[in-house]
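# Architecture at a glance
Okay, here's what each chain looks like letter by letter:
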Amino acid sequence: MSIQLNTHYLESFIKSHEYEQIAPQIRYADQILREKSGPGNQFLGWVDLPKNYDKEEFARIENAAEKIKKTCQVLVVIGIGGSYLGARAVIEFLRSPNYNLLKKDTPNIYFAGNSISADSLNDLLALCEGKDICVNVISKSGTTTEPAVAFRVFRNLLEKKYGKEGARERIFVTTDRARGTLKQFSTEAGYETFVVPDDVGGRFSVLTAVGLLPIAVAGIDIKKLMEGAAAAMEKYTSPELDKNDCYLYAAIRNILFRKGKNIEILAGYEPFALLFNEWWKQLYGESEGKDGKGIYPASVIFSTDLHSLGQYIQDGNRILFETVLNIQDTKKSFEIPNDPANIDGLNFLSGKDLDDVKRTATLATVLAHVDGGVPNILIDLDERNEYTLGELIYFFELACAISGYVLGVNPFDQPGVESYKKNMFALLGKPGYEEMREELNKRLTF
Ligand code: PA5
């Protein structure tokens, strides 16, 4: 069993009748998900994606990744939100947060188009100087401003460097099957395109070309990632809480939320999980934070954050619960050296493996936080590999959908994201937004 939910440290926070009371709501959420009759039911393509994906496109993704590996020293991945977080999370989790600094036979991978920062764009252009570059631009809508601006910059750069023909060989586009400016433009320019399926929303798209192409370029086995997700798809089918850890996690979140635990902290003990936390925050934040409801998803990496947020978690406002990613075996070890003089008094750790020390630190922290009134859910992962991560991704996606339905929201839309976009278009003078611009300007102070 590669991932398992450990509810042992919840015993003092949740009574057994509370599980019984929420069970019918979980069964109902399962029913509307499986029957495709709930809100947002046009975006359920991710549910059977790990098995029912386009095999022909999958082979094209593998071929394109090989081509990119052969022809480029740098792959620039342009996208924002669900169009980049998944790929970055998987690459950092499975390779390293220092992936670009590693000695390796795969290209450096830089992410662009996820901010509006002149500094960061200039830095990136400087990093690309003198390097052979490929670009993978990813946008489902094809109209998101941040990636569109970055794509314009990199397209110009590639056309200057390699000519229009050469650039065509180096630009890979992941977008809607038929709609949108990017699709139209790519067809005209002759770029190789990959599809964001109509029925898969951005934050649920890591196991489509959106995530898989950059992940494959990083030398990660995308077949194994899909196999892990497929195993989770088979494993989490029962609507009964005692037979389905994924649904149990969704139930626990809702039980705790109803008791005033408004913030869930995803806690990792490995720096390589930092971006995975970010992917998870988008998944849950965009899916549940609406209609004036939702658990606020936060995250920490320990030990780092034990020395920043640790005080608050232990002792501050009791509105928190923690979900701990407990990775049992990272397949790396580091023996703590002995010092005959023992000047630092650390010889009680001599010869111990740092990974064992981490496991002990994890349990020590869980106990302290439970004593401090913070319910702790543990998700045990037996190993750090493609298969387990695929399983974990699917676990969180499915739990998010069930949890959102129990909360009573549409987990698959994101109407709130549009508000800033509209204001930004109006204030920047996009044609069609003239009236709105006037209204907004009246409210601004310059
Ligand atoms: O989850 C989502 O749908 C969003 O986060 C989108 O992925 C994000 O807004 C980017 O949109 P697009 O891919 O259309 O550029």
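What comes next concerns the included structure.

Quick notes on the rules
- Residues numbered from 1 in each chain as written.
- Predicted model: local features only at pLDDT ≥ 70, side-chain atom pairs only at ≥ 80, totals over all residues.
- Heavy atoms only, no water.
- Near = heavy atom within 4 Å.
- Polar contact = N/O pair within 3.5 Å; in protein donor to acceptor, adjacent residues only side chain to side chain.
- Areas by Shrake-Rupley, 256 points an atom, 1.4 Å probe, with all protein chains shown as cover.
- 1 Å grid on protein atoms, 1.4 Å probe; cavity = no way out; pocket = protein on both sides within 12 Å on 5 of 7 lines; lining within 4 Å.
- Sits in = over half its atoms within 2 Å of the grid points.
- Pairing = 2+ DSSP bridges.
- Helix = DSSP H or I, 4+ residues; strand = E, 2+ residues; numbered from the N terminus.
- Axes fitted to C-alpha atoms, helices over the stretch in contact; angles between N-to-C directions.
- Contact = heavy atoms within 4.5 Å.
- Buried < 20%, exposed > 50% of the residue type's maximum accessible area, 1.4 Å probe, protein only.
- Right-handed = clockwise from strand over helix to strand, strands pointing away.
- Core = buried A, V, L, I, M, F, W, Y, C linked by side-chain atoms within 4.5 Å.

Neighbouring residues of the ligand: 13 residues in total, closest Ser83, Ser139, Ser141, Thr144 and Gln282. The backbone of glycine 202 places a nitrogen or oxygen atom 3.4 Å from an oxygen atom of the ligand. For the ligand, whose accessible area on its own is 380 Å², the fraction buried by protein is 90%. Assessed atom by atom at 2 Å from the grid points, the ligand resides in the largest pocket.

Further remarks concern the sheet that holds strand β9 (residues 320-329). Here five strands make up an open sheet; going across it, the order is β1-β10-β9-β7-β8 and the pairing mixed. Edge positions in the open sheet fall to β1 (3-6) and β8 (296-301), since each of these has one partner strand only. Here the average twist between neighbouring strands, direction ignored, is 20°. Against the sheet, helix α10 (residues 274-288) engages β7 (263-268), β8 and β9, with an angle of about 175° to β8.

Its place among the elements puts proline 214 in helix α7 (residues 209-217). For proline 214, a relative accessible area of 0% translates into the label buried. On a C-alpha basis, the gap between proline 214 and alanine 23 in space is 39 Å, while along the polypeptide they are 191 residues apart. When near neighbours in sequence (up to four residues on either side) are disregarded, proline 214 contacts Leu75, Val77, Ala87, Ile91, Ile109, Asn136, Ile138 and Ala209.

Here we take up the pairing of strand β2 (residues 74-78). Here β2 lies mainly inside the structure; five of its five residues are buried. Burial along β2 is two-sided: the residues Val74, Val76 and Ile78 and Leu75 and Val77 are all buried. Bridge count between β2 and strand β3 (residues 108-112): five bridges; the pairing is parallel. The residue bridging valine 77 from the neighbouring strand is phenylalanine 111, located in β3. In this fold, the crossover linking β2 to β3 by way of helix α3 (residues 85-94) has right-handed handedness.

Now for the side chain of threonine 388. You can see threonine 388 is positioned in helix α13 (residues 386-407). In this structure threonine 388 comes out as buried when scored by relative accessible area, which is 1%. Beyond its immediate sequence surroundings of up to four residues, threonine 388 is in contact with Ser2, Ile3, Leu381, Asp382 and Glu383.

It is worth spelling out the sheet that holds β3 at this point. Read from one edge to the other, the open sheet built from five strands follows the order β3-β2-β4-β5-β6, with strand pairing classed as parallel. Looking at which strands have only one partner, the edges of the open sheet turn out to be β3 and β6 (192-196). The sheet shows a mean angle of 20° between the axes of neighbouring strands, taken without regard to direction. By the bridge criterion, five bridges tie strand β5 (residues 171-176) to β6 in an arrangement that is parallel. Within β6, the residue paired with aspartate 176 across the bridge is valine 196. Against the sheet, helix α5 (residues 145-168) makes contact with β2, β3, β4 (133-139) and β5, and its axis sits at roughly 140° relative to β4, the strand it touches most.

This part is about the nonpolar core. With 118 residues, the main nonpolar core has Leu33, Trp46, Phe276, Trp279 and Phe396 as its most contacted residues. Broken down by element, this core gets its largest block of residues, 14 residues, from α13. Tryptophan 46 has contacts with Leu33, Asp199, Val200, Phe204, Tyr394, Glu397, Leu398, Ala401 and Phe412, leaving out every residue within four places of it along the chain. Listed in part, the 19 residues of the second largest apolar core include Val76, Cys128, Ile133 and Ala150.

In short, geometric facts, not functional conclusions.
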